[in-house]
Amino acid sequence: MSSAPSAPTATVPVVSAWSSKINWTQAVAAFAMILTLLSGGKVGMDADQQAAAVVTIGVGCNIATWIMKTFFTARVHPTSLPKGS
């Protein structure tokens, strides 16, 4: 029995999670959703409009995260590495 071929490896810079554009995108989206829920009634939004805004922010954030992770990520963060590396 032959062993499975090893996966190709790449050398990439390891950076702090604080510099992650994906982490910042998620944080901004969470803040925007909370702000929408807390202030929507004060700016004339009804409950349905608030819910639609929160869903739109969430979906937009997920799409932005997918695009950034797929096409614009050239580094990894320490938590992405296998244990023992």
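Structure: above.
Residues numbered from 1 in each chain as written. Predicted model: local features only at pLDDT ≥ 70, side-chain atom pairs only at ≥ 80, totals over all residues. Heavy atoms only, no water.

On to the overall build of the protein chain, then. Assigned secondary structure in the protein chain consists of two helices and zero strands. When each of the 85 residues of the protein chain is scored for burial, the buried share is 15%. Long-range contacts, defined as pairs at least 24 residues apart, comprise 75% of the intrachain contacts of the protein chain with a sequence gap of at least 6. Of the roughly 6700 Å² of accessible surface on the protein chain, a fraction of 69% belongs to carbon and sulfur atoms. (Helix = DSSP H or I, 4+ residues; strand = E, 2+ residues; numbered from the N terminus. Buried < 20%, exposed > 50% of the residue type's maximum accessible area, 1.4 Å probe, protein only. Contact = heavy atoms within 4.5 Å. Areas by Shrake-Rupley, 256 points an atom, 1.4 Å probe, with all protein chains shown as cover.)

Two elements in contact, helix H1 (residues 21-39) and helix H2 (residues 47-71), have axes whose closest approach is 9 Å; the angle formed by their N-to-C orientations is 175 degrees. Considering their axes alone, H1 and H2 lie roughly antiparallel with respect to each other. Counting all contacts with H1, which are made through Lys21, Ile22, Thr25, Gln26, Ala29, Ala32, Met33, Thr36 and Leu37, the residues of H2 involved are Gln50, Ala53, Val54, Ile57, Gly58, Cys61, Asn62, Ala64, Thr65, Met68 and Lys69. Here the residues of the contact of H1 with H2 sort into eleven nonpolar, seven polar and two charged. (Axes fitted to C-alpha atoms, helices over the stretch in contact; angles between N-to-C directions. Parallel < 35°, antiparallel > 145°, perpendicular 65-115°, else oblique. Nonpolar A, V, L, I, M, F, W, Y, C, P; charged D, E, K, R; others polar.)

A few words now on a nonpolar patch on the surface. On the surface, Val55, Val59, Ile63, Trp66, Ile67, Phe71 and Phe72 cluster together into a nonpolar patch covering about 740 Å² of accessible area. Relative to the assigned elements, Val59 resides in helix H2. (Patch = residues over 30% accessible without salt bridge, like charges linked within 9 Å, V, L, I, M, F, W, Y side chains within 5 Å. Salt bridge = Lys/Arg side-chain N within 4 Å of Asp/Glu carboxyl O.)

With that settled, consider H1. The terminal C-alpha atoms of H1, which comprises 19 residues, lie 26 Å apart, in line with the 27 Å expected from a rise of 1.5 Å per residue. Burial in H1 covers these residues: Ile22, Thr25, Ala29 and Thr36. In a view along the axis of H1, the buried residues occupy a sector of 55 degrees, so they form one face of it. In H1, the exposed positions that point more than 90 degrees away from the buried face belong to Val28, Phe31 and Leu38. In the core, the buried residues of H1 are packed alongside H2. (Expected span 1.5 Å × (residues − 1). Arc of directions from axis to C-beta.)

This next bit is on H2. Across its 25 residues, H2 extends 36 Å between first and last C-alpha, which sits within 8% of the 36 Å expected from 1.5 Å per residue. Taken residue by residue, H2 has Gln50, Val54, Gly58, Cys61, Thr65 and Met68 as its buried positions. Contact partners of the buried residues in H2: H1. Its side-chain oxygen at 3.2 Å from the backbone nitrogen of Asp48, Asp46 defines the N-terminal cap of H2. (Polar contact = N/O pair within 3.5 Å; in protein donor to acceptor, adjacent residues only side chain to side chain.)

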